[in-house]
Amino acid sequence: MLRRTFVAGIAFAALTAGGVAYAQDAVKIGMIVPMTGPSSSTGRQQEAAVKLWLAQNGGMMAGKKVELILKDDTGNADMTKRIAQEMVVNDKVHVLLGFGLTPLALAVAPIATQAKVPQVVSAAATAIITEQSPYIVRTSFTLPQVTVPMAEWAAKNGIKKVVTLVSDYGPGIDAEKAFVERFGKDGGTVTESLRVPLRNPDFAPFLQRVKDAAPDAVFVFVPSGFGATFMKQFADRELAKAGIKLIATGDVTDDDLLNDMGDAAVGVVNSHHYSAAHGSPENKAFVEAFKKANNGMRPNFMGVGAFDGMTLIAKAFEKTKGNTDGTALVEAMKGMSWTSVRGPVTIDPQTRDIVQDVYIRKVEKVGNELFNVEFAKIDQVKDPVKAAKQ
Ligand code: DHB
């Protein structure tokens, strides 16, 4: 009797161990993005990109099956935090991915640190984010990284007087500061800096102030998903007719919404790290596959941030030979380089931010569609705020 129980016990233990070993064999990724609310386009883009990456790689990373857990935080930071906690404690994810807005990324930083789980930020772009946890690695961009080239271009191209207009939170303030500083150093003058509330923005009174100030140009940042509303109000106020040029970061002329913006967007010069019109063979194949898998939806920089997030996680698992230890994974990510659809990229080993080419682009009609057509490139730009400290 005793012996039989013992044997059965062993058999049961062996089975359980087999089950546990199998679970550990999967790479578990917890993805948190806004799938609903004003930033839902970010979630939609990132989900589509991650699913395309999995389809193209047989659902595997470093020889292991990928288990993707995707949750909608609706753009609410308390919810992001709660979901991240559940994913780390209950689901035991190996990596967290996503974070569609700066406050959502910041809310999770203490959890990443405490749990020693890599937090791959594939969307949010305020410079300080990577400084909030040694477990944060970023595959999107920083606002200063893309804004400084825009300010340099403006100063070199006959623009002398600018008003800045940004969404009033982290990335907008980053963009404003970077523009004011660089444009000032290059001999330009920012006469006024306007900040518009992030939620339910009414741009009209701010645009009226821009019109009254009569600068050569208005420099604008609004996050992905808000560009079409801005562009409509910009067109309604007839600023272009008043001789005021619109210059921007590529968040405003977001590839996802650009075709809905119509002629008001044509001619807008802007700077960013990714355009759906980027001419590399890798990008042409990516855009085609992305559209095919998503009813013709065009990828934007948010989609690319998540696609590269998956590439980075896969490369880290390959380097650790499947070791799921979070500290080992972050170490493996540092200094990693690959050819992204945006161009060559490297994870800066000091800052864990992405080093990438930044392009100056102009919105043009190509066939029946609007595109951000790249016409100048600044090679391998680091986040300038952190580069200055290095
Ligand atoms: C952020 C969000 C965006 O949609 C964007 O285009 C840039 C920055 C952010 O909240 O960090």
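Residues numbered from 1 in each chain as written. Predicted model: local features only at pLDDT ≥ 70, side-chain atom pairs only at ≥ 80, totals over all residues. Heavy atoms only, no water.

Engineer: I would appreciate a short explanation of the domain arrangement of the protein in the present structure.
Structural biologist: Interface size is commonly expressed as the accessible surface area that is lost when the partners come together. Its domain assignment divides the protein into domain 1 (2-141 + 281-352) and domain 2 (144-272 + 358-389). Each of domain 1 and domain 2 has a C-alpha centre, and the two are 31 Å apart. Opposite the 30 residues of domain 1 that make contact, domain 2 presents 29 residues. On the domain 1 side of the contact with domain 2, F141, R298 and F301 bury the most area, a combined 30% of that side's loss. Counting across the interface, domain 1 meets domain 2 through 5 salt bridges. Applying the counting rule to domain 1 against domain 2 returns 12 residue pairs in polar contact (both at pLDDT 80 or more). The set of elements that each furnish at least two residues to the side of domain 1 that touches domain 2 consists of α2 (40-56), α4 (102-115), α11 (301-319) and β13 (343-347). Of the residues forming the side of domain 1 that touches domain 2, the biggest block, 4 residues, is contributed by α2. (Domains from an automatic or database assignment. Contact = heavy atoms within 4.5 Å. Buried area = accessible area lost by both parts, 1.4 Å probe. Salt bridge = Lys/Arg side-chain N within 4 Å of Asp/Glu carboxyl O. Polar contact = N/O pair within 3.5 Å; in protein donor to acceptor, adjacent residues only side chain to side chain. Helix = DSSP H or I, 4+ residues; strand = E, 2+ residues; numbered from the N terminus.)

Engineer: What is the right way to read the packing of helix α5 (residues 143-156) against helix α6 (residues 170-185) from this model?
Structural biologist: Relative placement of two packed helices is described by the angle separating their axes and the distance separating the axes. Two numbers describe how α5 lies on α6: the axes approach to 8 Å, and their chain directions differ by 35°. For the pair α5 and α6, the sense of crossing is right-handed. Between α5 and α6, the contacting residues are L143, P144, T147, V148, M150, A151, E152, A154 and A155 on the first element and P171, D174, A175, A178, F179, R182 and F183 on the second. Considering only residue class, the contact of α5 with α6 consists of 12 nonpolar, 1 polar and 3 charged. (Axes fitted to C-alpha atoms, helices over the stretch in contact; angles between N-to-C directions. Left-handed = near helix turned anticlockwise from the far one by under 90°. Nonpolar A, V, L, I, M, F, W, Y, C, P; charged D, E, K, R; others polar.)

Engineer: How should I be thinking about α2 in this particular structure?
Structural biologist: Owing to its 3.6 residues per turn, the α-helix brings residues three or four apart onto one side. Taking 1.5 Å per residue as the helical rise, α2 with its 17 residues ought to reach 24 Å, and the 24 Å between its terminal C-alpha atoms agrees with that figure. Listed in full, the buried residues belonging to α2 are S41, T42, G43, Q45, Q46, A48, A49, V50, L52, W53 and L54. As for α2, its buried residues are in contact with β1 (27-33), β2 (60-61), β3 (64-72), β4 (95-98), α10 (281-293) and α11. At the C-terminal side of α2, G58 shows a positive phi close to 60°. (Expected span 1.5 Å × (residues − 1). Buried < 20%, exposed > 50% of the residue type's maximum accessible area, 1.4 Å probe, protein only.)

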